[in-house]
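Examination of the molecular architecture
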Amino acid sequence: MKNFKPSALTLALMLSGVTLASMPSFAADDDKDKKKEVEPEAAVEVIEIRGFRRSLIESLNTKRYSDTVVEAVSADDMGALPDVSIADAISRLPGVTAVRSGGQSSELNIRGMSGGFVFSTLNGREIVTDQGGRSVQFDQYPSELINQVQVYKSQKASLVEGGVAGSIELKTANALENDQDHTFTIQTKLSYNDAADSHPDADPMGNRLSFAYQGKFLDETLGVSIGYARLQQPKISTQFVSYQPQCGILPFNGAPTTSTTDCDGLDPDATGAYAKYIAPTGFELMARGGEELREGLMGSITYQPNDTFTLKADGFYSKFDSQGIDRGFRVSGIGSILDGSSIDFENPVLSGDNSEIIVGGTYYRDQGDVRDNPPYPRFANTMTLQVQADDNTTNSEVLSFGLNAEWILNDDLTMTIDVAHSEGESNYRDEVMRLATFNDASATNPVVTDDIVLNYELNGLNLPSISFNDDIQNALSDPSRMMVGSLEKYPHIEENSANSARLDFKLAIDSAVVSSLETGIRWSDRNYKKQRQAYNYCDVGNSGNNLRNGNYVLGYDQNGNPIESLTCRPYQLQAGEYEVVQLEGDFADFPAFISVDNDYIENTWLANEDTQARQDWRYDWTIWQESEIKEETLAFYIQANLDTEVFGLGLSGNLGVRVINSTQQAIGVESPAVEGAGDPIYDDFGVARTIYKHSTLEVDYTDILPSMNLSLQLSENDQLRFAAAKVMARPEMGDMAVSGQWSYGIDQEDLLRKANLNRATSPEVRPFYANQFDLSLEHYFSETEGALIFALYYKDIESFPESVTIPDYNFEAAGVEVPAVDNNGVPVVSGDYTVLLNNGQGGFFKGAEVTYTQTFSFLPGIWQGLGVSASYSYTESEVESEFTAVAGGENSKSSYPFLSPRVWTAALFFDWDDTLSTRINARYREEYVGNQIALGDEQKAFFAEELIVDYQASWQFSEELQGIFSVNNLTDEPNRSYFGTQAMTGTLQYFGRQFYVGLNAKF
């Protein structure tokens, strides 16, 4: 029997950077019971290759000799060239795409599936995010501190379960594997963002600094690795956001009296008097500035006193403070033209196949200025104009550490013990200060300016046209007209932690088929906590909306004069307390506006107020959104590793099964069966109410996940892979929270009054399950470095979480107490149960990938350093996403969220004389459905295709010193979204180009 493994010569060459993909590399193992060592004195010619070419070679070698379908990124790819985070490097791999947050790659998608279906580990251990989702935010991980990344696209039994899309393994350095006894590396860079100058809260300059040390001691039995990385850079985006449009009847002068428009799925108005239209509801124009400060620290100690025992302790810590200050203005309420009673509308601009989409027109808050203005309560208006200063700062931390011990008990048996802890926490401030326009800010009781005329026209995926009447246009930047009217705080506080312990055994077997058996057991415990708080200045009787719009008098005496104790006076800005902002570039045509420093104004205006956000019964959502979710798993696996021949061809791989028992528990509050008969729950002010009751819900289940990976060696340079497995992705932590609200309705058939229970989230929800298959043909070039790889994949989705309504549910049998009467005392019976469950429906994800890597070392002279790496992925799915793109309209159907059918990456690189290394990278993803955030809520929208181009270069001045230069987002590619059709603009967000220049030193 032949065991196809790299020979000693080949291994030596691989360590020095020469490709295994370009040469015959298989040798027979003569005696499996003997340990063979590569003698250091062996006469092996070491040919060292540097730069991007080396990183590609190492990545191909990892892929070629893996027992699964895997993609890899080498240390050189991440350390030597200036990727901002590990996400940038991973997103260039075949089938991997990135979702940008603030212009930076953050969440990673694999083969069209979102980050919630991607399982992530660090040194083989589960890592948690700083928030409640399963998706890890990879911009939290500095590229300088990660030594290698592997993306597993197929599953094997020994891998921790959790990735339907795939699993991403991050690895940190082991000093005992370093070539040198001691190495010290310093990297320092300056950065510049070309869009920062027009932002009042951003400095265009930034910097990066990192250092790392690796050392071997005690006769190379003790290895120490330490690394530190610091990133300081501006956070920049300039954005236009249009709120979700609305469908309705529009009675404006000159409107057609008949129409075929049917935007809500119903017949047009039966009378034929007016047509139905899709109308915009509002928008905001914001300049986001701020600073991102990320500090990362890693360390590891490896002790290997002999060939049979290895002990390793490692840890990773990252603190990421992402300041985001939004300055701009917001217009809301223009969707009220659909009822025709609040504001006037003229000069409509129509779009769509049936001219059913209102994309522009002239809007009047008070045409002719004939009505009484706030703060006096004789007129309320739905169209509002606010200048805003939002603080969207997020402070987050992640920490992971673990201890691993490996014993070779005898020549055949190895035992490994591993214990680990991972935690993350996040505090998202979510604060906003609002300014309104007044006729005279110095008046005793200043009056809101009511004569607002808006000229507004959307322009598809390009910036819209926005202007106001001259009086308002001037007032937006006039401190004698703009006054601060409200301050609101809605912080999100989240904590996530995980503990795990595992015991593994590997037994070598002298068999013609099976080379070894692996088995093990793993226990894990995960905990997630979420808390919400609120503060709203002078919120007497929930009058926050009044304050936002300048109606600050909340009570009057019998003579109609303001009652001072019920008056929340706005703040008049003084010299030095504001800045006038005029955006530049493509945004230069929009009106200028006033910007204020939130903290300064708060401390000056409200110095005697307690402005701390708390849990508050006035905002009861701060009570019922507090939750704790616990998840405990116990897993066992057994895996047979194959090494045999079939028809004279080498066959390797593995067969295995993983069995997991899971317990999901949620602690929170829900509505009691009897109204007002809940538990006394206190807010942070000591106020107690009995609206909700404490509940603990729990469910447990067992899963069996078989897997198989086979690799058939067709020739020295060709191999065929096949993989099959059942896989799972656990539900989001927040989806398992306690919830429950009773409502009452009448059954139309028997006319019985029914009690219906809605649990939008519940620990009853199960994982997302799929059976997946992979087939790939890999050809590695023999005359030069590179490979051509074709892959097909198919995922048969068994079921996925979805809100399901079960009619006439037997609540009593399920142990749920049912109300005896409704809120009016009318007797009720058990009704419908709406809950988040696996719906039993499924579908497929299927696709193909082509990867081509080629170094042109056969070309003459200088052109030998030229090379190319490219990949193309196509994915389609019958699993559809259904959401409401237009409020009041029919649901829109699309592919599954975050699925881009076509994705490609390409890199053209050139290495010369071990001195110059340069490359240009492009990443493309087709349109997809994602989440647009506006007004504090997530709204699904279609995101347009995007092409991200980056450039990197390095120059080796000496053996120890290297200069680097790079540009991220070379073409300033924006994020662009829309609702249903591109005429209904969603978000247009621009980030600018980021330039880096710096030095790397290695001693």
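Here the structure is a predicted model, which is why all the values come from computation and not from measurement. Counting restarts for each chain: residues are numbered from 1 in the order of the written sequence. Local features in a predicted model are, by the rule used here, given only for residues with pLDDT of at least 70; side-chain atom pairs are given and counted only at 80 or more, and totals for whole chains, interfaces and linings are based on all residues. In computing side-chain values, all of the structure's heavy atoms are included and hydrogens and water are not.

Per the secondary structure count, the protein includes eight helices and 57 strands. Each residue is assigned to one of three classes by its accessible area relative to the maximum for its type, calculated with a 1.4 Å probe on protein chains only: buried under 20%, partly exposed between the two thresholds, exposed over 50%. Residues counted as buried form 56% of the 1003 residues belonging to the protein. Sequence-distant contacts in the protein: of pairs separated by 6 or more residues, those separated by 24 or more amount to 73%. Carbon together with sulfur atoms contributes 51% to the accessible area of the protein, which is approximately 40,700 Å² in total. Numbering goes from the N terminus for both helices and strands, where a helix is a DSSP run of H or I of at least four residues and a strand is a run of E of at least two. Pairs of residues are marked as contacts when any of their non-hydrogen atoms sit within 4.5 Å. Only the protein chains shown count as cover for residues, and the accessible areas themselves come from Shrake-Rupley with a 1.4 Å probe.

Even without being glycine, L218 reaches a positive phi, approximately 50°. Among the secondary structure elements, L218 is positioned in the loop between β9 (205-217) and β10 (222-234). The exposed category is assigned to L218, whose relative accessible area is 57%. Although it is not a glycine, D914 adopts a positive phi angle of roughly 55°. Of note, D914 is situated in the loop between β49 (902-912) and β50 (916-925). A relative accessible area of 45% places D914 in the partly exposed class.

On to the sheet that holds strand β1 (residues 70-73), then. A pair of strands is treated as paired once DSSP finds two or more bridges between them. In space, the five strands of this open sheet follow the order β1-β6-β7-β4-β5, with mixed pairing throughout. A single partner strand is all that each edge strand has here, and the edge strands are β1 and β5 (125-126). Direction of pairing for strand β4 (residues 118-122) relative to β5: antiparallel, over a ladder of two bridges. Opposite L122, over in β5, you have R125 as the bridge partner.

This next bit is on the sheet that holds strand β44 (residues 829-838). Spatial ordering of the open sheet is given by β39-β40-β44-β43, a layout of four strands whose pairing is mixed. With one partner strand each, in any of the chains shown, β39 (741-746) and β43 (801-806) form the two edges of the open sheet. Each neighbouring strand pair of the sheet contributes to a mean axis angle of 20°, computed without reference to strand direction. Angular values range over 0 to 180 degrees, each being the angle between N-to-C directions of two axes fitted as lines to C-alpha atoms, with helices fitted over their stretch in contact.

For the rest of this paragraph, the subject is a negative patch on the surface. A patch consists of residues whose relative accessible area exceeds 30% and which take part in no salt bridge; residues with like charges are grouped when within 9 Å of each other, and nonpolar side chains (Val, Leu, Ile, Met, Phe, Trp, Tyr) when within 5 Å. Within this document, salt bridges are pairs made up of a side-chain nitrogen of Lys or Arg and a carboxyl oxygen of Asp or Glu, the two lying within 4 Å of each other. In this count, Lys and Arg are taken as positive residues and Asp and Glu as negative ones, while His and the chain termini are left out. Where a charge lies is defined by one atom per residue type, namely NZ (Lys), CZ (Arg), CG (Asp) and CD (Glu). A surface patch of like charges, here negative, comprises D796, E802, E878, E880 and E882. Its place among the elements puts E880 in strand β47 (residues 880-883).

Another point: the packing of aromatic side chains. Pairing of aromatic rings covers Phe, Tyr and Trp, the last counted by its six-membered ring, and requires centre-to-centre distances within 6.5 Å; plane angles under 30 degrees mean stacked, over 60 mean edge-to-face, and any other angle means tilted. Under the criterion given, the structure shown has 32 aromatic pairs. Judged by centre distance (6.4 Å) and plane angle (40°), the rings of Y192 and F995 are tilted. Remark: F995 occurs in strand β57 (residues 994-1002) and Y192 occurs in strand β8 (residues 182-193); sequence separation between them is 803 residues. The partly exposed category is assigned to Y192, whose relative accessible area is 32%. When its relative accessible area of 26% is taken as the criterion, F995 is described as partly exposed. Taken together, the ring pairs in this structure connect W742, Y809, F811 and Y833 into an aromatic cluster. Whether a charge sits over a ring depends on NZ of Lys or CZ of Arg being within 6 Å of the ring centre and within 35 degrees of the ring normal. Above the face of the Y996 ring, R208 is positioned so that its terminal group lies 5.6 Å from the ring centre. Over the ring of Y769 we find K726; its NZ or CZ atom is 5.4 Å from the centre of that ring.

Another aspect to go through is the environment of V886. Structurally, the position occupied by V886 is in the loop between β47 and β48 (892-895). On a C-alpha basis, the gap between V886 and A279 in space is 9.0 Å, while along the polypeptide they are 607 residues apart. Those residues within four positions of V886 in sequence are excluded, and the remaining contacts are Q244, P245, Q246, C247, I278 and M984.

Pairing analysis gives 11 bridges linking β8 to β9, with the strands arranged antiparallel. In the strand pairing of β9, S191 is matched with G206. Bridge analysis of β8 against β57 gives nine bridges, and the strand direction is antiparallel. Residue pairing in the sheet places L190 in a bridge with V997 of β57.

Summed over the entire model, instances satisfying the criterion amount to 39 salt bridges. In this structure, R618 engages D616 in a salt bridge whose closest nitrogen and oxygen atoms are separated by 2.9 Å. The exposure class of D616 is buried, given its relative accessible area of 3%. One connected set of salt bridges, linked through shared partners, spans K63, E71, R111, K153, D774 and E849.

Attention now goes to the nonpolar core. Counting 76 residues, the largest nonpolar core has F240, F329, Y363, L454, Y456, I466 and F468 as the members making the most contacts within it. Filtering out sequence-adjacent residues up to four positions away, F468 remains in contact with F329, V331, L385, I452, V453, L454, Q473, L476 and P591. The next biggest cluster of nonpolar side chains, apart from the first, holds 41 residues, and it includes V96, I127, A729 and A770. What makes a nonpolar core is a set of buried Ala, Val, Leu, Ile, Met, Phe, Trp, Tyr and Cys residues whose side-chain atoms join them at distances within 4.5 Å.

Take the state of the cysteines next. Disulfide assignment relies on a single distance test, namely cysteine sulfur atoms paired within 2.5 Å. Tallying each qualifying case throughout the model produces one disulfide. The disulfide partner of C538 is C568, and the S-S distance across this bridge is 1.5 Å. Taking the sign of the S-S torsion, about -50° here, the bridge from C538 to C568 comes out left-handed. Note that C538 is positioned in the loop between β29 (535-536) and α6 (544-548) and C568 in the loop between α6 and β30 (571-572), a separation of 30 residues in sequence. Here C568 falls in the buried class, since its relative accessible area comes to 0%.

Attention now moves to the side chain of R759. Mapped onto the fold, R759 is located in strand β40 (residues 753-759). Apart from residues lying up to four places away in sequence, R759 is in contact with E670, L697, S739, G740, E764, V816, Y833, T834, V835 and L836.

Overall, the prediction assigns the protein a mean pLDDT of 86, with 89% of residues at 70 or greater. As a per-residue quantity, pLDDT reports the predictor's confidence and falls between 0 and 100. Here residues 1-47 is modelled with pLDDT under 50, and outside its nearest four sequence neighbours on either side it reaches 87 contacts, counting other chains as well. Across residues 77-82, where pLDDT falls below 50, the model places 30 contacts with residues more than four positions away in sequence or in other chains.

What follows deals with empty space enclosed by the protein. Any empty space left between the atoms is revealed when a probe the size of a water molecule rolls over them. Put simply, the grid is 1 Å and covers the protein atoms alone, a cavity is a trapped set of points that fit a 1.4 Å probe, a pocket is an open set with protein on both sides within 12 Å along at least five of seven lines, and lining residues have an atom within 4 Å of a point. Grid points are joined across faces, edges and corners, and a volume is the space filled by probe spheres set on the points. Inspection of every chain in the model, using the stated rule, returns 14 cavities of 30 Å³ or more. For the largest cavity, the calculated volume is near 360 Å³. For the lining of the largest cavity, the elements supplying multiple residues, two or more each, are α2 (51-64), β1, β45 (843-855), β46 (866-877), β49 and β50. Considering only residue class, the lining of the largest cavity consists of 13 nonpolar, nine polar and five charged. Its volume calculated, the second largest cavity comes out at about 220 Å³. Lys, Arg, Asp and Glu make up the charged group, whereas Ala, Val, Leu, Ile, Met, Phe, Trp, Tyr, Cys and Pro make up the nonpolar group; the residues left over, Gly among them, are polar.

Attention now goes to the environment of V821. Among the structural elements, V821 can be located in the loop between β43 and β44. On the accessibility criterion, V821 (36% relative accessible area) is partly exposed. Counting along the chain gives 66 residues from V821 to A755, while the straight-line C-alpha distance between them is 8.4 Å. For V821, the contacting residues outside a window of four places in its chain are Y744, V826, P827 and V828.

So, on to helix α7 (residues 598-605). An α-helix turns once every 3.6 residues. As a result, residues three or four positions apart point the same way. For α7, the full list of buried residues reads N598, I601, E602 and W605. Angularly, the buried residues of α7 cover 100° about the axis, an arc narrow enough to put them on a single face. Buried positions along α7 lie against β17 (325-332), β20 (384-391), β23 (431-437), β26 (482-489) and β30. Throughout this description, a polar contact denotes any pair of N or O atoms lying within 3.5 Å of each other; where both atoms belong to protein, one of them has to be capable of donating a hydrogen while the other can accept it, and for residues adjacent in sequence the pair is counted only when both atoms sit in side chains. Where α7 begins, one side-chain oxygen reaches toward the backbone nitrogen of D599, 3.1 Å away; that side chain belongs to D597. Read the arc as the range of directions from the helix axis to the C-beta atoms.

As a further point, take the pairing of β40. The element β40 is extensively covered by neighbouring structure, given that five of its seven residues are classed as buried. Summarising the sheet, β40 and β44 pair through five bridges and their orientation is parallel. Note on β44: the bridge partner recorded for K754 is V829.

As a further point, take the environment of Y996. Mapped onto the elements, Y996 comes out in strand β57. The buried category is assigned to Y996, whose relative accessible area is 1%. Put simply, Y996 and R208 are 788 residues apart on the chain and 9.1 Å apart in space, counted from C-alpha to C-alpha. Within the structure, the side chain of Y996 is placed 2.8 Å from the side chain of Q233, a separation counted as a polar contact.

Taken together, the side chains of L714, L720, F722, F773, L775, L777, F790, L792, Y794, V850 and Y872 present a nonpolar region at the surface, about 890 Å² in accessible area. Contributing elements (two or more residues each) for the nonpolar patch: β38 (718-729), β41 (768-780) and β42 (786-799). Looking at the secondary structure, you find L777 in strand β41. Looking at L777, the relative accessible area reads 38%, which means it is partly exposed.

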